Amino acid sequence: MSSALTASASATPEESANPLLRPVSFVQPARIEYGSGKARALGDLIAGWSDRRVLVVADAFNAGRTDLLGLPAQTHVFSRVKPEPDLPNLDELLDEARAFAPDLVIGFGGGSAMDLAKLAAVLATSSKGLRDIVGVGKADPRSIGLIAIPTTAGTGSEVGARALVTDPSSQSKMAVESRHMVADLAVVDPDLTVSLPPAVTAATGVDALAHCAEAFTSRRAHPLIDIYAQKGIALVGQYLARAVADGSDVEARAGLAMAALYGGFCLGPVNTTAGHALSYPLGTRYGVPHGLANAVIFPHTLAFNASAQTAKTATVAELMGFDGTKLFDSAHRYCLDLGIEMRMSKLGVPADDLPSMAEEAHGIRRLLDFNPREIASEDILAIYRAAY
């Protein structure tokens, strides 16, 4: 159901040293529609639209505005997506999906809604459960169509092949990656983000920035992806403060929607590093929204990794207008000026849990193994304490 350009997964030492020779797999939706009003035109984009059985996966707010999509008569809306979706939340969705038997699933919302929609599309007709497909390439091919429509400008999940769900028993995220979870159609309509309040705009915008910056400085960064990363960073630097100051600024909203899309392009082939690994425990343990958790951590890991990626970090600073000689202070002040609460102590995180959180974050090897600088659990704890 998706298209892919796939290269060999292994590389010789020479290839690893030369980024141009490094293999990369880049999987994207078969079709991407970007622009104002695109969400209202679904009926013109999907063959046999009026006869489709459509399952919309959304949070409560976005479930209340599905009329924007011009949905067919045979539509069921799952409206209970949680900010940090967990296994029970997914199980609820799968029960309703199997009962309704859709031929098309639409993820309508932020990353949580789109991630659950991806999983519903591959699991609703499969004999496998979520634990069977955790990891890379374990999901069965799907027979259900999949559309991703973001309503925030942050996650880039609309073009990604991954989905994350929290396991309540371990309080950790389980990651699934499969080309079968790439949407057939991604619709990026900046109009859908105009209603975002300033705090959400700010946090999700820094999340998009983190996707691009972490991929750009990763050990497995690639020239094919660097171009998206740099453009995404530049767009955030140009437009995020504007969108926070004036949510009706349609140009700024469009710039951020594009930045998030570029960040999504970075995630599949390269992915994030320490910033996201350190942010996850804030969300899984204490319900800190994903974008906010990343924003709190972003200046710390950007500065921590600078010595291992001096030239690229300097590029990030230049594109964002940060003072490269005072990188942490400049990045931290930028986030504060957006109105972001940058103290973990104000977000419901208890000080006595920081050591356990540091151990958990240090165990997220799928991200930390590609961090540009080795980061020990003691380093993570020091960052948490500095952010507290």
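Description of the structure in this document. The shown structure was predicted, so the numbers you read here are calculated from the model rather than taken from an experiment.

The next point concerns the sheet that holds strand E3 (residues 31-34). The sheet built from 6 strands is open, its strands ordered E3-E11-E8-E6-E4-E5 with parallel pairing. Every interior strand has two partners, whereas the edge strands, E3 and strand E5 (75-78), have only one. Taking each pair of neighbouring strands and ignoring which way they run, the sheet shows an average axis angle of 15 degrees. The strands that helix H4 (residues 87-100) touches are strand E4 (54-57) and E5; relative to E5, the one it contacts most, it runs at about 170 degrees. Here helix H5 (residues 111-123) sits on the sheet and contacts E4, strand E6 (104-109) and strand E8 (145-150); the angle it forms with E6, its principal contact strand, is near 165 degrees.

Time to look at the packing of aromatic side chains. Evaluation of the coordinates by the stated rule reveals 6 aromatic pairs. Summarising the aromatic geometry, the rings of phenylalanine 26 and phenylalanine 265 are spaced 6.1 Å apart at their centres and angled 80 degrees between planes, so their arrangement reads as edge-to-face. Here the residue phenylalanine 26 occupies a position in strand E2 (residues 26-28), and phenylalanine 265 occupies one in helix H9 (residues 250-267), the gap between them amounting to 239 residues. The two residues phenylalanine 26 and phenylalanine 265 agree in class, both being buried. For the pair tyrosine 228 and tyrosine 262, a centre-to-centre distance of 5.8 Å together with 40 degrees between the ring planes defines the contact as tilted.

Turning our eyes to something else, we now look at the packing of helix H10 (residues 274-286) against helix H11 (residues 290-305). The interhelical angle for the contact between H10 and H11, taken along N-to-C directions, is 135 degrees, at an axis separation of 8 Å. Judged by the inter-axis angle, H10 sits oblique to H11. Note on packing geometry: the crossing formed by H10 with H11 is right-handed. For the pair H10 and H11, the contacting residues are Ala274, Gly275, His276, Leu278, Ser279, Tyr280 and Leu282 in the first and His290, Ala293, Asn294, Ile297 and Thr301 in the second. The class makeup of the residues in the contact of H10 with H11 is 6 nonpolar, 6 polar and no charged.

Turning our eyes to something else, we now look at the nonpolar core. One finds Leu278, Phe322, Ile340, Met344 and Tyr384 to be the most contacted residues of the largest nonpolar core, which totals 78 residues. The element that contributes the greatest number of residues to this core is helix H7 (residues 198-217), accounting for 10 residues. Setting aside residues no more than four positions away along its own chain, phenylalanine 322 makes contact with Phe298, Leu302, Ala317, Leu327, Ser330, Ala331 and Tyr334. Counting residues in hydrophobic clusters, the runner-up holds 33 residues, among them Leu93, Ala113, Val122 and Val165.

What the 3 strands build is an open sheet, ordered E7-E10-E9; its pairing is mixed. Of all the strands in the sheet, the pair left with one neighbour each is strand E7 (135-136) and strand E9 (162-167). Taken together, the 6 bridges between E9 and strand E10 (residues 172-177) define a ladder with antiparallel strand orientation. The residue bridging valine 165 from the neighbouring strand is methionine 174, located in E10. Sitting on the sheet, H5 is in contact with E9 and E10, with an inclination near 100 degrees to E9.

What follows concerns the side chain of glutamate 33. Secondary-structure assignment places glutamate 33 in strand E3. Judged by relative accessible area, which is 10%, glutamate 33 ranks as buried. At 2.7 Å, the side chain of glutamate 33 and the side chain of lysine 38 are in polar contact. Contacts of glutamate 33, omitting those with residues within four sequence positions, involve Lys38, Leu45, Leu185, Ala186, Val187 and Val188.

What counts as what
- Residues numbered from 1 in each chain as written.
- Predicted model: local features only at pLDDT ≥ 70, side-chain atom pairs only at ≥ 80, totals over all residues.
- Heavy atoms only, no water.
- Pairing = 2+ DSSP bridges.
- Helix = DSSP H or I, 4+ residues; strand = E, 2+ residues; numbered from the N terminus.
- Axes fitted to C-alpha atoms, helices over the stretch in contact; angles between N-to-C directions.
- Contact = heavy atoms within 4.5 Å.
- Phe/Tyr/Trp six-rings, centres within 6.5 Å; stacked < 30°, edge-to-face > 60°.
- Buried < 20%, exposed > 50% of the residue type's maximum accessible area, 1.4 Å probe, protein only.
- Parallel < 35°, antiparallel > 145°, perpendicular 65-115°, else oblique.
- Left-handed = near helix turned anticlockwise from the far one by under 90°.
- Nonpolar A, V, L, I, M, F, W, Y, C, P; charged D, E, K, R; others polar.
- Core = buried A, V, L, I, M, F, W, Y, C linked by side-chain atoms within 4.5 Å.
- Polar contact = N/O pair within 3.5 Å; in protein donor to acceptor, adjacent residues only side chain to side chain.

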